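If you want the building blocks of each chain, they are given just below.
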Amino acid sequence: MFNNPKDWMMQLFNGRLYPEDIIPYLEQFDKVSYANELKQVIDLAFHEIEKQTTELYTCCIATNIYNRETSISFDDVVTNEKYRQQLLGVLEKRYHQKAAQGKLTKRDKLPDSNNISRNYDEPDKYAFPKVASIQHPSIPKNFEFYTQRKCWYEIFPVQQEALLYAVSQLPNLSRLHKEFEIFFIGMESKEGFVYKR
């Protein structure tokens, strides 16, 4: 099973055990700079979006680890509702195709618009996509690959802190919908990364 001792050698780094061979890559990640870069892009995005007169429904902060960039996008209710209706149409079409082919299972249900959430996954379809972006020299190239995806254990806490910072800056935005949400994407799970007003 483990023929090479390097396959099982672990080392403690930032309070967590990692395979020894990925430690040099984890050490290249500059958490302090990444946190400052996130605050910088949040401030810029909030300043830029305040020039709009639309009531804001959603804010998405998205770090793309492959191109080492974070962008911030904003959506309004009208654009979000169009997205939801388009998605409902696609799901209904798929349901009817499966029904016509006799491939419906007991779990298949006719889609219901009440079960379609706001657009969390496609910020490029927001009313105001990529209001602000920043490159991250703090993130090493090919970080996810060389750390065997374990880099997220180092990135998540910084993103959670940045989300708290963004929430603390919300009073600077004068037009927030009563159901406004702000969140991070670009990781395994949104749990712990969504703020609901």
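Residues numbered from 1 in each chain as written. Predicted model: local features only at pLDDT ≥ 70, side-chain atom pairs only at ≥ 80, totals over all residues. Heavy atoms only, no water.

**Q** Kindly report on the pattern of salt bridges, identifying the contributing residues and their values.
**A** Per the stated rule, a full pass over the model turns up 8 salt bridges. Linking E81 and R84 is a salt bridge whose minimum nitrogen-to-oxygen distance equals 2.7 Å. With a gap of 3 residues between them, E81 and R84 both fall in helix α3 (residues 77–100), about one helical turn apart. Look at R84 and you get buried, because its relative accessible area is 14%. (Salt bridge = Lys/Arg side-chain N within 4 Å of Asp/Glu carboxyl O. Helix = DSSP H or I, 4+ residues; strand = E, 2+ residues; numbered from the N terminus. Buried < 20%, exposed > 50% of the residue type's maximum accessible area, 1.4 Å probe, protein only.)

**Q** Can you explain the state of the cysteines? Please cite residues and give values.
**A** Enumeration according to the criterion identifies 0 disulfides in this entry. Free cysteine C60: the closest other cysteine sulfur is in C59, separated by 7.2 Å. By relative accessible area, C60 is classed as buried at 0%. Looking at C151, it has no disulfide partner, and the nearest cysteine sulfur is the one in C60, 18 Å off. (Disulfide = S-S within 2.5 Å.)

**Q** Could you give an account of the sheet that holds strand β7 (residues 194–196), with specific residues and numbers?
**A** The strand order across the open sheet built from 5 strands is β5-β4-β3-β6-β7, with neighbouring strands paired in mixed fashion. With one partner strand each, in any of the chains shown, β5 (128–135) and β7 form the two edges of the open sheet. Neighbour to neighbour, the strand axes of the sheet diverge by 10 degrees on average, direction disregarded. Across 7 bridges, strand β3 (residues 56–64) lies against strand β4 (residues 69–75) in antiparallel orientation. From the neighbouring strand, T63 faces β4, where its bridge partner is T70. Each of β3, β6 (176–185) and β7 is contacted by helix α5 (residues 152–168), which is oriented at about 160 degrees to β6, the strand it contacts most. (Pairing = 2+ DSSP bridges. Axes fitted to C-alpha atoms, helices over the stretch in contact; angles between N-to-C directions. Contact = heavy atoms within 4.5 Å.)

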